[in-house]
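So you can see what is in the structure, the chains are spelled out below.
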Amino acid sequence: MSAEQARSRGSQRGGRSGGSGVGRTGGRPGGRPREPRQVSARRVAFDVLRAVQVDDAYANLLLPTRIRRAGLSARDAGFATELTYGTIRMIGRYDVVVAVASGRRADLIEADVLDVMRLGVHQLLGMRTPTHAAVSATVELAREVGVARATGFVNAVMRKVAGKTPEEWDALVTAGLGGDALLATRWSHPVWVVSALRDALAAERSRDELVALLAADNEAPRVQLAALPGVASAEDVEQATARVAGDDDETGEVPPVGPGADADAAEVAEADQADAVPEPAPAAPDLPVSPVGIRGVTGDPARVPGVAAGRLRVQDEGSQLAALALSRSSEVRAGERWLDLCAGPGGKAALLAAEAAQAGATLTANELVPARVGLVREALRDFRDTVTVVEGDGRRYGHDGSGVTYDRVLLDAPCTGLGALRRRPEARWRKQPEDVAELAVLQEELLEAAVRVLAPGGTLAYVTCSPHLGETRGQVDALMRRHGDLLEQLDTASVVRSVAARDPQVADGRTVQLWPHRIGTDAMFIALFRRTA
């Protein structure tokens, strides 16, 4: 099968990968899986990959549970983590590789068999696992998951994949392509996402950074922590910082990739580590950009004493800057009332609560989804004197007749999440272009609620974890058309620069777009407004 035929039903047309597609449901084929005597790193990765597709599971939530249940060592946990996340990120590209190597369209290959081969392709092209270990282990995985009848097919495809270098496969699968279609296949993003990211960069005259952004989306993010102001101690920060670039064996470091328990141990042990475990140098400096941020912590962050005690929180620094841009945009007066309109799961609310407690303000944290309300309560358990957690639709605010207004309102709006593709590898395949229009309606309604309860002189922060112009600048422009007589836009870029610990590399203007390829954070969008009447 030619690369063009292989792509015809792949990620470029529908925005989804070929084959079963991440987020789609499908039954398992017949046959009884063999019960493994010990769950391998590859089996963990396979089970999570299937759950992501069949059950719409989230890899970042399910994988740690499966790793603990399997009792994997730190090294094997690292292998399973890279194998799972890396495969999901690259599904669009790998399905074209599988189709070319097999002569069959990926969507016509049995779902379990395709997933086994996706994992094998990532080991060969994305992790540089020794060829015979990757091929033999992939064939064995096919037997283990109950598709032994396909082992000959799997073996043949894996050997064809192994017969070419990653560079040769890149030339093959992108042959005849140009523009966004070529970038979509090379960097494994749906075409519509590539186009949206191009437009967002072009809006600040940075279109030439598109390739760097797509590459950053495919890199494994480093752990980032927030030291809660007034709560975290200098000792907490020192202990966490000591785990940055610490010794793997002593800190429980989980390397991004590494040999699995079911690989040929002798050959893997002899493989040159730099070759078997590629770690591309990050484009962004590995220094905190948030004044309360700690980045690069090794191993399981739950083992950091300050995290275990709740004084340090796992949180992307982009989210930290978004919350601090609101709390530190002006001096806080004692007695101020703050509102987090969409507080789940509680990360930004916790940082706001710490800031409010120091300044004598109070915070109301609102969340619609009951399960997420529980997460918010847990995140804010140490701030009961400062915070009130409520459950309900944020769009009701200003319609309840209470007349309560707030001096600072955070609207961290539901969005496509295209700014967090590093951390949520399945998101790029689940979202569709029509989702933007649906979410835009909800975002507009929530903005209306925020304006209704914003006190005169109060500050509103509109935040999304998406750079899509329809969710960012488009919403801001529409809001000002509706309420230009009530609101003024603040110089958000100046505020963020004044808050940040180092240059956040943002464009001048009244809105801010953060970028992972520049500063190593999620692509958060921030816009600040003040009510003038």
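All of the points below concern the structure found in this document. (Residues numbered from 1 in each chain as written. Predicted model: local features only at pLDDT ≥ 70, side-chain atom pairs only at ≥ 80, totals over all residues. Heavy atoms only, no water.)

Description of the sheet that holds strand β3 (residues 312-314)
Spatial ordering of the open sheet is given by β2-β1-β3, a layout of three strands whose pairing is antiparallel. Each of the sheet's edge strands pairs with one partner strand only, and the pair in question is β2 (293-295) and β3. This sheet shows a mean twist of 30° between the axes of neighbouring strands, independent of strand direction. Both strand β1 (residues 224-227) and β2 contribute to a ladder of three bridges, which runs antiparallel. Across the sheet, L225 pairs through a bridge with I294, a residue of β2. With respect to the sheet, helix α14 (residues 234-242) is in contact with β1, β2 and β3, its orientation differing from that of β2 by roughly 20°. (Pairing = 2+ DSSP bridges. Helix = DSSP H or I, 4+ residues; strand = E, 2+ residues; numbered from the N terminus. Axes fitted to C-alpha atoms, helices over the stretch in contact; angles between N-to-C directions. Contact = heavy atoms within 4.5 Å.)

A short note on the packing of aromatic side chains
Scanning the model with the defined rule gives two aromatic pairs in all. Ring geometry for Y397 and Y406: centres 6.4 Å apart, planes at 70°, overall edge-to-face. One exposure class covers both Y397 and Y406, and it is buried. When the ring of Y462 is compared with that of F525, the centres are 6.4 Å apart and the planes differ by 70°; the resulting orientation is edge-to-face. Of this pair, Y462 sits in strand β8 (residues 454-464) while F525 sits in strand β11 (residues 525-531), and the two are 63 residues apart along the sequence. In terms of burial, Y462 and F525 fall into one category: buried. (Phe/Tyr/Trp six-rings, centres within 6.5 Å; stacked < 30°, edge-to-face > 60°. Buried < 20%, exposed > 50% of the residue type's maximum accessible area, 1.4 Å probe, protein only.)

Quick notes on the pattern of salt bridges
Under the criterion given, the structure shown has 34 salt bridges. In this structure, R43 and E144 form a salt bridge, with 3.6 Å as the shortest nitrogen-oxygen distance. Separated by 101 residues along the polypeptide, R43 in helix α3 (residues 41-54) and E144 in helix α8 (residues 131-144) bring together distant segments of the chain. The exposure class of R43 is buried, given its relative accessible area of 13%. Connected through salt bridges with shared partners, the residues R50, D95, D112, D115 and R118 form a single ionic network. (Salt bridge = Lys/Arg side-chain N within 4 Å of Asp/Glu carboxyl O.)

Some thoughts on the state of the cysteines
In protein structure, a disulfide is the covalent linkage between the sulfur atoms of two cysteines. Following the criterion strictly, the structure yields zero disulfides and no others. The cysteine C465 is free of any disulfide, with C415 supplying the nearest cysteine sulfur at 5.6 Å. Relative accessible area serves as the criterion here: at 11%, C465 is assigned to the buried category. (Disulfide = S-S within 2.5 Å.)

What about the environment of A242?
Looking at where A242 falls in the secondary structure, it is placed in helix α14. With a relative accessible area of 57%, A242 lands in the exposed category. Each C-alpha atom, one on A242 and one on T298, is 9.3 Å from the other, the two residues being 56 residues apart in sequence.

Let's talk about helix α12 (residues 191-202)
Taking 1.5 Å per residue, twelve residues should reach 16 Å; α12 reaches 16 Å between its end C-alpha atoms and fits that length. Buried residues of α12: V191, W192, V193, V194, A196, L197, A200 and L201, and no others. (Expected span 1.5 Å × (residues − 1).)

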